[in-house]
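One-letter residues, chain by chain:
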Amino acid sequence: MTDFKRTLITTALPYANGPIHIGHLAGVYVPADIYVRYLRLKNEDVIMIGGSDEHGVPITLKAKNEGVTPQDVVDKFHKIIKDSFQKFGISFDVYSRTSAKIHHETASEIFRKLYDTGKLIEKTTEQYFDEANNQFLADRYITGTCPKCGFERAYGDQCESCGTALSPTELINPVSMISGNAPVLKETKHWYMPLDQYEPWLREWILEGHKEWKPNVYGQVKSWIDGGLQPRAVTRDLDWGVPVPVEGTEGKVLYVWFDAPIGYISATKELTPNWELYWKDKETRLLHFIGKDNIVFHCIIFPSMLKAEGTYNLPDNVPANEFLNLEGDKISTSRNWAVWLHEYLDEFPGKEDVLKYVLTANAPETKDNDFTWKDFQARNNNELVAILGNFVNRALVLTQKYFGGKVPECGALTDTDKETLASISLIKAEVEKSLDSFRFREALKNAMDLARLGNKYLADEEPWKVIKTDEERVKTILNISLQITANLTICLEPFLPFSMEKLRGFINLEKLDWEKFGETNLLKAGHQLNTPELLFEKIEDDVIEKQVQKLLDTKKANELAQAKASPAKENIEYDDFSKMDIRVGTVIEAEKVAKTKKLLKLKIDTGIDQRTVVSGIAEYYEPEALIGKQVSILVNLAPKNLKGIESQGMILCAENADGSLSVVSPDKIVKNGAEVK
RNA sequence: GGCGAGGUAGCUCAGCUGGUUAGAGCGCAUGAUUCAUAAUCAUGAGGUCGGCGGUUCAAGCCCGCCUCUCGCUACCA
């Protein structure tokens, strides 16, 4: 392992179309912050980089919906995000944003270098173009009828009704969202990153060279590389983003995935003129803290970009976390299923560390985890209050009571005393071991063992009894208890910075370096302590119930929104309807299409003929159950090849609120070929 | 369907290159204790290590098949 002189830590850039929620925190910012604070306590040269990711189509759409400019949208969320991080105590050295000038310059420079050195390939393709507005249309700017479910306002990349991923050219009757006109296909030129060319190198560098990466990260990367990498467009036709720094490319910007990670570099530039030291010096260690959704970008794409550029360091590790669920359901910004950081900060003032603690203790390090308010309460009451807060309070109250808050002399040590003091260093070693391998959940548990040690020591030594017979002995016992307390301020500083500052206030101690952790004379005899207060307070049931109720309300609102039937489509003429030839037919054969999850191959007696139809209902019907059943079938739909089978028609289905499908059958048996009209 | 990650005590998770009676925290039970925010300390109950089969002197760890969860991907006329 290389000996590094300094560390550069990047944290995934949150997308500026919504506030920060606990999923972001647990996955990225809390662990990164713990690690950075730990290194800082060790006086290592470390910087932590963050910023808002402000480009991309979703932001332009949000702006359009709200009738404001994209800049307005990102200004709003950048402020909310930045403020909440700051209040929560995520200790970025710089929190920048990709709409900043320095970022535009940096991203342009890097693109330009790749362009000039022939690292990009140029390709011309056909894309939809809005002639009225004279611009190419991003996928999300095109609506049309979903070819699958017939929903009339499906987007060019996805149908919001049935969830299908689409490409714009699949839409029936595509319409530009900007002008309302039908767009035309037109040629456009773009640059691509030939990721396929980096495949051998990626294999060598990661699959051979970084076997120590977390299994979830390594596995995902291997999966991508083995699947074969494709060239990926680095530019697109859009007016929001970093303009392509090449002559004659008006209306083109860098694709957001290309410009966003460069944001780490621009933010570093914003922080220090010495930025190159952090990005290019071989003795700098680069770490990307991200969530699992970002693995491919940070392990494959961004490194390939940096490799192509040639002068930058590559990440030494990418400690990616899995996802955090909330009360059993996936966290979702659009469904408002989240605990929002800015709301938490308002509703739980002074409890920043409680959330940090809970998110760390239950961090999704190896698999998706679940955040529940009940667990939040239990961890606060049973661990922070009962173990940590209680120990500190016991030690301090006893010292006040017996010695007026002055640290008593340490006398002769018993074997238990020696063992207890020695345990402090053992705990330190455990915490370090866990932190060094990015096992924050375990590190926190190790750290809490120090408070457990204190509680056990007090229970064993019973100073409240000994005081009646041997005051000298009590002095030693409390001296040791206070040394443990002082050590706690170091040990838990990376995890609970606000609380440890408070605790240092109680014992009148300055912030100490990590190397002091383990020393047994941090508080000198005679040192005056302050009057202690409570370090943590219990959280009562009603507070938790209120939060749970808030989520239940959200759930209810979502269900209501879901259950609502979509509005009627525009009126059509009878002629339009009569073009469709819908018949009743009987299923005579049915089998699953091999290698698919949803497809059934059906043979239908339509009265006219017997024909083969492929239908995406395999998840809801057993093939055998369909045989002999009468169904409705659109017989004059143009045939289409699916998985090598020609599908000659479409089975009509009703879609339920949960997305499940139900075939539409006649009420009584009718002759095959009966027309539906 | 393909690929990846997981399935270990009620809950959340450890278990290194296979090796004695499978561990921790929380919860639970019993006891001790009262300095402390009814907190603490001790002891204990709780596991066919997803299922079946195999390799081995020996498997939670290796191999095969199956099954469930999550993610990526294909597919949905």
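Residues numbered from 1 in each chain as written. Chains lettered and ligands numbered in written order. Predicted model: local features only at pLDDT ≥ 70, side-chain atom pairs only at ≥ 80, totals over all residues. Heavy atoms only, no water.

Asks: Whenever I open this one, the environment of Glu461 confuses me. Can you help?
Replies: Position of Glu461 among the secondary structure elements: in helix H14 (residues 440-461). Expressed as a C-alpha distance, the spacing of Glu461 and Met650, which sit 189 residues apart in the sequence, is 80 Å. In this structure Glu461 touches Thr416, Val466, Arg473 and Ile477, once residues within four positions along its chain are discounted. (Helix = DSSP H or I, 4+ residues; strand = E, 2+ residues; numbered from the N terminus. Contact = heavy atoms within 4.5 Å.)

Asks: Would you explain the environment of Asp259 in this entry?
Replies: Along the chain, Asp259 turns up in helix H7 (residues 256-271). The class of Asp259 is buried, set by a relative accessible area of 0%. Put simply, Asp259 and Ala107 are 152 residues apart on the chain and 5.9 Å apart in space, counted from C-alpha to C-alpha. In this view, Asp259 contacts His55, Thr98, His103, Ala107, Val242 and Leu254; residues no more than four positions away in its chain are not counted. (Buried < 20%, exposed > 50% of the residue type's maximum accessible area, 1.4 Å probe, protein only.)

Asks: Explanation requested: the environment of Asn181 in the structure shown.
Replies: By the secondary structure assignment, Asn181 is in the loop between strand S8 (172-176) and strand S9 (184-193). Separated by 39 residues in sequence, Asn181 and Ile142 have C-alpha atoms that sit 10 Å apart. Residue contacts for Asn181: discarding those within four places in its chain leaves Ala132, Val175 and Ser176.

Asks: Please explain the nonpolar core as it appears in this structure.
Replies: In summary, soluble globular proteins display a tendency toward joint burial of nonpolar side chains. Grouped together as the largest cluster of nonpolar side chains are 163 residues, with contacts concentrated most on Trp279, Phe371, Phe376 and Leu388. Top element by residues in this core is helix H1 (residues 22-41). It accounts for 13 residues. Discounting residues that sit within four places of it in the chain, Trp279 has contacts with Leu8, Thr10, Tyr264, Ile265, Thr268, Leu286, Phe302, Leu306, Tyr312 and Asn313. Ranked by size, the runner-up nonpolar core spans 16 residues in total, among them Ala590, Val613, Leu626 and Leu661. (Core = buried A, V, L, I, M, F, W, Y, C linked by side-chain atoms within 4.5 Å.)

Asks: I would appreciate a short explanation of the packing of helix H13 (residues 415-436) against helix H16 (residues 471-491) in the present structure.
Replies: For any two helices packed against each other, one specifies the crossing angle of their axes together with the interaxial distance. Here H13 crosses H16 at 5°, and the two axes come no closer than 11 Å. When the interaxial angle is binned, H13 and H16 end up roughly parallel. Residues Asp417, Thr420, Leu421, Ile424 and Val431 of H13 form the contact with H16, whose own contacting residues are Arg473, Thr476, Ile480, Ile484, Asn487 and Cys491. Its residues placed into classes, the contact of H13 with H16 shows six nonpolar, three polar and two charged. (Axes fitted to C-alpha atoms, helices over the stretch in contact; angles between N-to-C directions. Parallel < 35°, antiparallel > 145°, perpendicular 65-115°, else oblique. Nonpolar A, V, L, I, M, F, W, Y, C, P; charged D, E, K, R; others polar.)

Asks: Help me out: how do you make sense of the pairing of strand S19 (residues 600-605) in this one?
Replies: In the case of a regular strand, side chains alternate between the two sheet surfaces. A one-sided burial pattern is seen for S19, the buried positions being Leu600, Leu602 and Ile604 and the unburied ones Lys601, Lys603 and Asp605. Where strand S18 (residues 582-592) and S19 come together, six bridges link them in antiparallel fashion. Paired with Val587 across the strands is Ile604, a residue of S19. Summarising the sheet, S19 and strand S20 (residues 610-615) pair through six bridges and their orientation is antiparallel. Within S20, the position partnered with Lys603 by the bridge is Thr612. (Pairing = 2+ DSSP bridges.)

Asks: Sorry if this is basic, but what is going on with the sheet that holds strand S16 (residues 329-330) here?
Replies: One open sheet holds the three strands; their spatial order is S16-S15-S17, and the pairing between them is mixed. Two strands lie at the open edges of the sheet, namely S16 and strand S17 (369-371), each paired on one side alone. Pairing of strand S15 (residues 324-326) with S16, which is carried by two bridges, proceeds in the antiparallel orientation. Looking across to S16, one finds that Leu326 is bridged to Asp329.

Asks: For this particular structure, what's the right way to read the packing of helix H5 (residues 199-208) against helix H6 (residues 215-226)?
Replies: Viewed as axis vectors pointing N to C, H5 and H6 meet at an angle of 160°, and their least axial separation amounts to 11 Å. Taken together, the axes of H5 and H6 lie roughly antiparallel to each other. Read as a crossing pair, H5 and H6 show a hand that is left-handed. Judged by residue contacts, Glu199, Leu202, Arg203, Ile206 and Leu207 of H5 engage Tyr218, Val221, Lys222, Ile225 and Asp226 from H6. Within the contact of H5 with H6, the residues separate by chemical class into six nonpolar, no polar and four charged. (Left-handed = near helix turned anticlockwise from the far one by under 90°.)

Asks: I keep staring at the packing of aromatic side chains and nothing clicks. Help me out?
Replies: Note on aromatic pairs: each is described by the distance of the centres and the angle between the planes. Summed over the entire model, instances satisfying the criterion amount to 34 aromatic pairs. With 6.1 Å between their ring centres and 45° between their planes, Tyr35 and Phe289 make a pair best called tilted. Remark: Phe289 occurs in strand S13 (residues 284-291) and Tyr35 occurs in helix H1; sequence separation between them is 254 residues. Aromatic side chains Phe348 and Phe376 sit 5.6 Å apart centroid to centroid with 70° between the ring planes, which places their arrangement in the edge-to-face category. One end of the pair, Phe348, is in the loop between helix H10 (341-347) and helix H11 (352-361); the other, Phe376, is in helix H12 (residues 373-403), with 28 residues separating them in the sequence. Comparing Phe348 with Phe376, the two get one shared label, buried. The ring of Tyr312 carries the charged tip of Lys280 above its face, separated from the ring centre by 4.6 Å. The residue whose ring lies beneath Lys356 is Phe88, and the NZ or CZ to ring-centre distance is 5.3 Å. (Phe/Tyr/Trp six-rings, centres within 6.5 Å; stacked < 30°, edge-to-face > 60°. Lys NZ or Arg CZ within 6 Å of the ring centre and 35° of its normal.)

Asks: I tried to follow H12 on my own but got confused; where do I start?
Replies: What sets the pattern is the α-helix's 3.6 residues per turn: residues three or four places apart point alike. If you look at H12, its biggest bend is around 40°, right at Val385. Following H12 by one or two positions, Gly404 adopts a phi angle in the positive range, close to 60°. (Bend = angle between axes of the 7 residues up to and from the residue.)

Asks: Hey, could you run me through the side chain of Lys269 in this one?
Replies: Locating Lys269 in the fold gives a position in helix H7. Contacts of Lys269, omitting those with residues within four sequence positions, involve Ile102, Thr106, Glu109 and Trp275.

Shape is all these values report; function is a separate question.
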